[in-house]
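Overview (structure and organization)
Residue strings, one per chain:
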Amino acid sequence: MGKDAEDVEQVTDDLLVLLLRQLTVESDRFAEMFGEAHGLHRTDLNALAVIMDAARMGTPMSPSRLASALHLSASATTSVLDRLERAGHLYRDRSATDRRKVELRMHDQARRIGAEFFLPLGESYAAAWRDMGEDERRTVARFLRSSIAATVEVRGRLAP
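To start, this report covers the structure provided alongside it. Everything numeric here is computed off the predicted structure, so don't read it as measured data.

**A word on the overall build of the protein chain**
Broken down by element type, the protein chain carries seven helices and two strands. Considering only C-alpha atoms, the protein chain reaches an extent of 60 × 40 × 30 Å along its principal axes. By residue count, 19% of the 160 residues in the protein chain fall in the buried class. Here the contacts in the protein chain between residues at least 6 apart in sequence split such that 42% fall between residues at least 24 apart. Carbon and sulfur atoms form 55% of the exposed surface of the protein chain, whose accessible area is close to 11,700 Å². The average position of the 23 basic charges and that of the 25 acidic charges among the side chains of the protein chain differ by 9 Å.

**Some words on the side chain of Asp98**
In this fold, Asp98 is placed in the loop between β1 (90-94) and β2 (102-106). Among the polar contacts listed, one links the side chain of Asp98 to the side chain of Arg100, at a separation of 2.9 Å.

Here is what the cut-offs are and how they apply
- Residues numbered from 1 in each chain as written.
- Predicted model: local features only at pLDDT ≥ 70, side-chain atom pairs only at ≥ 80, totals over all residues.
- Heavy atoms only, no water.
- Helix = DSSP H or I, 4+ residues; strand = E, 2+ residues; numbered from the N terminus.
- Buried < 20%, exposed > 50% of the residue type's maximum accessible area, 1.4 Å probe, protein only.
- Contact = heavy atoms within 4.5 Å.
- Areas by Shrake-Rupley, 256 points an atom, 1.4 Å probe, with all protein chains shown as cover.
- Lys, Arg positive; Asp, Glu negative; His and termini not counted.
- Charge placed at Lys NZ, Arg CZ, Asp CG, Glu CD.
- Polar contact = N/O pair within 3.5 Å; in protein donor to acceptor, adjacent residues only side chain to side chain.

Structure (structure tokens):
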């Protein structure tokens, strides 16, 4: 659809749901390509994303916090961490503030491998968004945050 058609198209709730679903499917397919290339399960990729996001926010990630974030049992979380450790993507480290606690850390090599694969997508996103002004970007960010919150809320209500 060209830019002119986008400007006159009515942006209904149904259209927004459709577009979010299409983005989710395409994002999943992209991430699965990375997983297949590196022998990682989808849960492994989700775990790496959660660990990276926590590190970016300066929040240590423990196995129990990861289990909670991914809604996994302790044994399933151990299996994920064992696979990621064997693959050289992360390691378990004792906390500097409480030696009883374990913190999950990504290897620099894992960050480099991920960046090599995902950086072109980030660059393509940046190019696609280049014409958006600050107000539009704030609207998109608000839309995405509220969509994420709504998804988490409904998932929480429907979860067993």
